[in-house]
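Next come the chains, spelled out residue by residue.
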Amino acid sequence: DAGVTQSPTHLIKTRGQQVTLRCSPKSGHDTVSWYQQALGQGPQFIFQYYEEEERQRGNFPDRFSGHQFPNYSSELNVNALLLGDSALYLCASSLGQLTGELFFGEGSRLTVL
Amino acid sequence: DQQVKQNSPSLSVQEGRISILNCDYTNSMFDYFLWYKKYPAEGPTFLISISSIKDKNEDGRFTVFLNKSAKHLSLHIVPSQPGDSAVYFCAASEVGSNYQLIWGAGTKLIIKP
């Protein structure tokens, strides 16, 4: 049973560029949430997708956008990258919105130079 | 403004003894609390949760205590084992937020043999 998979695991971009991160949820899960974790901090909620729609959004600018596909996989896009966007981006999946028990992937480490 | 605080960045405990990890929160609307464990290069893994209608929840060696009046929760691990060495995150969600989690910064637990 495949868990949550994310790609790429590491990437380096320069300021102003755009990045797309990908996530496949755990088998049977239909809800995907994205989190940003800066060094030495806890994860911060970016947004959540359910039934291909953004259902909730944290305090992140519109440069952060996402998408969920019919197979429940998801993408996180960040435009006009800033140095402060350097972080570990975590994808978490769950079944519906009925539980706070999330299953996380290993994350995508983004470095912006 | 940190709504969930883990004031101890690290904690060192002898194998076999009790580990106590603490978490404080400021938002009285939080009604669901979780603990996650994170190993290096892995995503966080759900450990145990507690609803605000309870003051204690046990799962094997892990017990979470909730003191609503003090806005404080703690995770007890008894007995501590070397495999428990990890970063532990406390997270909370607010009534009606569909389990949008607010996370603490984490406490690194080191179990000494």
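These numbers were taken from a predicted model, which means no experiment stands behind them. (Residues numbered from 1 in each chain as written. Chains lettered and ligands numbered in written order. Predicted model: local features only at pLDDT ≥ 70, side-chain atom pairs only at ≥ 80, totals over all residues. Heavy atoms only, no water.)

A. Quick peek at the state of the cysteines. In total, this model carries two disulfides over all chains according to the counting rule given. With its sulfur 1.8 Å from that of its partner, A:Cys23 forms a disulfide with A:Cys91. One quick way to see it: the torsion about the S-S bond of A:Cys23 and A:Cys91 is about -60 degrees, and its sign makes the bridge left-handed. Of the two residues, A:Cys23 sits in strand β3 (residues 19-24) while A:Cys91 sits in strand β9 (residues 87-94), which places them 68 residues apart along the sequence. Take A:Cys23 and A:Cys91: they sit in the same class, and that class is buried. Linked covalently through their sulfurs, B:Cys23 and B:Cys90 form a disulfide whose S-S length is 2.1 Å. What sets the handedness of the B:Cys23 and B:Cys90 disulfide is the S-S torsion sign, and at about -70 degrees it is left-handed. Taken together, the residues span a long stretch of sequence, with B:Cys23 in strand β3 (residues 19-25) and B:Cys90 in strand β9 (residues 86-94) at a distance of 67 residues. (Disulfide = S-S within 2.5 Å. Helix = DSSP H or I, 4+ residues; strand = E, 2+ residues; numbered from the N terminus. Buried < 20%, exposed > 50% of the residue type's maximum accessible area, 1.4 Å probe, protein only.)

B. Inspection of the sheet that holds strand β8 (residues 74-78) of chain A at higher detail. Residue and element names in this part refer to chain A. As summarised here, the arrangement of the four strands in space is β1-β3-β8-β7, forming an open sheet in which the pairing is antiparallel. Of all strands in the sheet, those bounded by a partner on one side alone are β1 (5-7) and β7 (64-68). Put simply, the sheet's adjacent strands are angled 15 degrees from each other on average, direction ignored. Relative to β8, β3 runs antiparallel, the two being bridged by five bridges. When the sheet's bridge partners are listed, Val19 is paired in β8 with Val78. (Pairing = 2+ DSSP bridges. Axes fitted to C-alpha atoms, helices over the stretch in contact; angles between N-to-C directions.)

C. The arrangement of the packing of aromatic side chains in detail. Throughout the structure, instances matching the rule amount to 13 aromatic pairs over all chains. Note on A:Tyr35 and A:Phe45: the rings are 5.6 Å apart at their centroids and 70 degrees apart in plane angle, and the pair reads as edge-to-face. Of this pair, A:Tyr35 sits in strand β4 (residues 31-37) while A:Phe45 is found in strand β5 (residues 44-50), placing the two residues 10 residues apart along the sequence. Residues A:Tyr35 and A:Phe45 agree in their burial class; the two are buried. Measuring from ring centre to ring centre gives 5.7 Å for A:Phe104 and B:Tyr36, while their planes differ by 90 degrees; the resulting arrangement is edge-to-face. Residue A:Phe104 is found in strand β10 (residues 103-104), and its partner B:Tyr36 is found in strand β4 (residues 30-38); the two belong to separate chains. Linked through ring pairs, A:Tyr35, A:Phe45, A:Phe104, B:Tyr36, B:Phe46, B:Phe89 and B:Trp103 together constitute an aromatic cluster. The ring of A:Phe103 carries A:Lys26 above its face, with NZ or CZ at 5.2 Å from the centroid. (Phe/Tyr/Trp six-rings, centres within 6.5 Å; stacked < 30°, edge-to-face > 60°. Lys NZ or Arg CZ within 6 Å of the ring centre and 35° of its normal.)

D. Quick look at the pairing of β8(A). Residue and element names in this part refer to chain A. Among the five residues in β8, five count as buried, and that is most of the element. Neither face of β8 is left uncovered, since the one carrying Ser74, Leu76 and Val78 and the one carrying Glu75 and Asn77 both have all their residues buried. Examined bridge by bridge, β7 and β8 share five bridges and lie antiparallel to one another. In the sheet register, Phe64 faces β8, and the bridge partner there is Val78.

E. Structural view of the interface of chain A and chain B. Contacts between the two partners involve 22 residues from chain A, matched on the other side by 18 residues from chain B. Carbon and sulfur atoms supply 55% of the area buried between chain A and chain B, which totals about 1500 Å² over both sides. Looking only at chain A, the three residues that lose the most surface to chain B are A:Gln56, A:Gly100 and A:Phe104, adding up to 28% of its buried area. Taken together, chain A and chain B are joined by zero salt bridges. Inspection of the region where chain A meets chain B yields two residue pairs in polar contact (both at pLDDT 80 or more). When residues of the side of chain A that touches chain B are traced back to their parent elements, those giving at least two are β4, β5, β6 (53-57) and β9 of chain A. Taken together, the residues of the side of chain A that touches chain B sort by class into eight nonpolar, 11 polar and three charged. (Contact = heavy atoms within 4.5 Å. Buried area = accessible area lost by both parts, 1.4 Å probe. Salt bridge = Lys/Arg side-chain N within 4 Å of Asp/Glu carboxyl O. Polar contact = N/O pair within 3.5 Å; in protein donor to acceptor, adjacent residues only side chain to side chain. Nonpolar A, V, L, I, M, F, W, Y, C, P; charged D, E, K, R; others polar.)

F. Looking closely at the side chain of B:Ser52. Residue and element names in this part refer to chain B. With respect to the helices and strands, the residue Ser52 is situated in the loop between β5 (45-51) and β6 (56-59). In this structure Ser52 comes out as buried when scored by relative accessible area, which is 19%. Beyond its immediate sequence surroundings of up to four residues, Ser52 is in contact with Phe30, Asp31, Leu66 and Lys68.

G. Main features of the nonpolar core. Core analysis: the biggest nonpolar cluster contains 23 residues, and B:Phe33, B:Trp35, B:Leu73, B:Leu75 and B:Tyr88 have the highest contact counts within it. Counting residues per element, the ones that place at least two in this core are β3, β4, β5, β7 (62-67), β8 (72-77), β9 and β11 (107-112) of chain B. At four residues, β9(B) tops the list of elements feeding residues into this core. When near neighbours in sequence (up to four residues on either side) are disregarded, B:Phe33 contacts B:Tyr25, B:Ile48, B:Ser49, B:Ile50, B:Leu66, B:Leu73, B:Ala91 and B:Ala92. By size, the runner-up hydrophobic cluster in this structure holds 20 residues, among which are A:Val32, A:Ile46, A:Tyr49 and A:Val78. (Core = buried A, V, L, I, M, F, W, Y, C linked by side-chain atoms within 4.5 Å.)

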